[in-house]
Amino acid sequence: MKASAVIGYVRRAGLRKSIAASRGAIVSIRFHIFVRYRGAKAFTGCPQGVEIFPDATDLLRALRSGRQDLPTEFYRDEMIRGGRCSVATVEGRLAGVAWAYEHPIERPHLILGPGEVELSASYTLPEFRGRGLYRTLMRFAVDWMHGEHERIFTMASHDNLTPLKTFVEIGFEEVAVLRRPSIFGPRFDTRSMRIQTWGQAFSDAVR
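Everything in this summary refers to the structure shown in the same document. These figures come from a predicted structure and were not determined experimentally. (Residues numbered from 1 in each chain as written. Predicted model: local features only at pLDDT ≥ 70, side-chain atom pairs only at ≥ 80, totals over all residues. Heavy atoms only, no water.)

## Focus: the overall build of the protein chain
(1) Moving on: Looking only at helices and strands, one finds 7 helices and 10 strands in the protein chain.
(2) Moving on: The burial tally for the protein chain puts 49% of its 207 residues in the buried class.
(3) Moving on: By sequence separation, contacts in the protein chain at least 24 residues apart represent 69% of the contacts at least 6 residues apart.
(4) Moving on: Of the accessible surface of the protein chain, which amounts to about 10,900 Å², a share of 52% is contributed by carbon and sulfur atoms. (Helix = DSSP H or I, 4+ residues; strand = E, 2+ residues; numbered from the N terminus. Buried < 20%, exposed > 50% of the residue type's maximum accessible area, 1.4 Å probe, protein only. Contact = heavy atoms within 4.5 Å. Areas by Shrake-Rupley, 256 points an atom, 1.4 Å probe, with all protein chains shown as cover.)

## Quick notes on the sheet that holds strand β10 (residues 194-195)
(1) Moving on: Pairing is mixed across the open sheet formed by 3 strands, whose spatial order is β5-β9-β10. Of all strands in the sheet, those with a lone pairing partner are β5 (110-111) and β10, marking the two edges. (Pairing = 2+ DSSP bridges.)

## Examining the packing of helix α5 (residues 133-146) against helix α6 (residues 161-169)
(1) Moving on: Taken N-terminus to C-terminus, the directions of α5 and α6 make an angle of 50°; their axes are 10 Å apart at the nearest point. In this view, α5 runs oblique relative to α6, as classed from their interaxial angle. Seen along the crossing, α5 lies across α6 with a hand that is right-handed. Facing α5, whose interface residues are Tyr134, Arg135, Met138 and Arg139, α6 presents Thr162, Pro163, Thr166, Phe167 and Glu169.
(2) Moving on: Classifying every residue of the contact of α5 with α6 gives 4 nonpolar, 2 polar and 3 charged. (Axes fitted to C-alpha atoms, helices over the stretch in contact; angles between N-to-C directions. Parallel < 35°, antiparallel > 145°, perpendicular 65-115°, else oblique. Left-handed = near helix turned anticlockwise from the far one by under 90°. Nonpolar A, V, L, I, M, F, W, Y, C, P; charged D, E, K, R; others polar.)

As structure tokens, then:
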């Protein structure tokens, strides 16, 4: 993870929460890696009162202005440059976000090849959960990114059950399980569809 992302997280989450999160970041976790190839459309429309917008970083900045209660997923543009997001609103209120990171942006768990993209850091605010909004947002983001990319990658930890279930429902295929701490370790190389070794990961990290 780049230093700028860490600094951005601390700035947004606060020192106490960042220290607590760092303790869990050194424990080995199973990350399930998924790929989806361009094919059948995933998006089936929005429920009443819901709107979803592509390439919506400017809209996100406007909707979060003046708020102090949002988690760090809504500030990824300040932490990692180059990401693009889709934004979900419910009756005009900010409800969810999903980020897309395209090659050559460096990702902590994946090595993306030319023309590839990772969907990551999606989040639905608690007050809007339980109505299928996360699934709707991810379906929308998939179709948006497939308009530009043949292959989309995504991932979730083994205990993050909602994304794991949703990815399969909307056409993703699991291709690998990556075992490592959150902050450092081997990565999955989308070009070879193989897990990079620890030695390669260390070499990349110290360049």
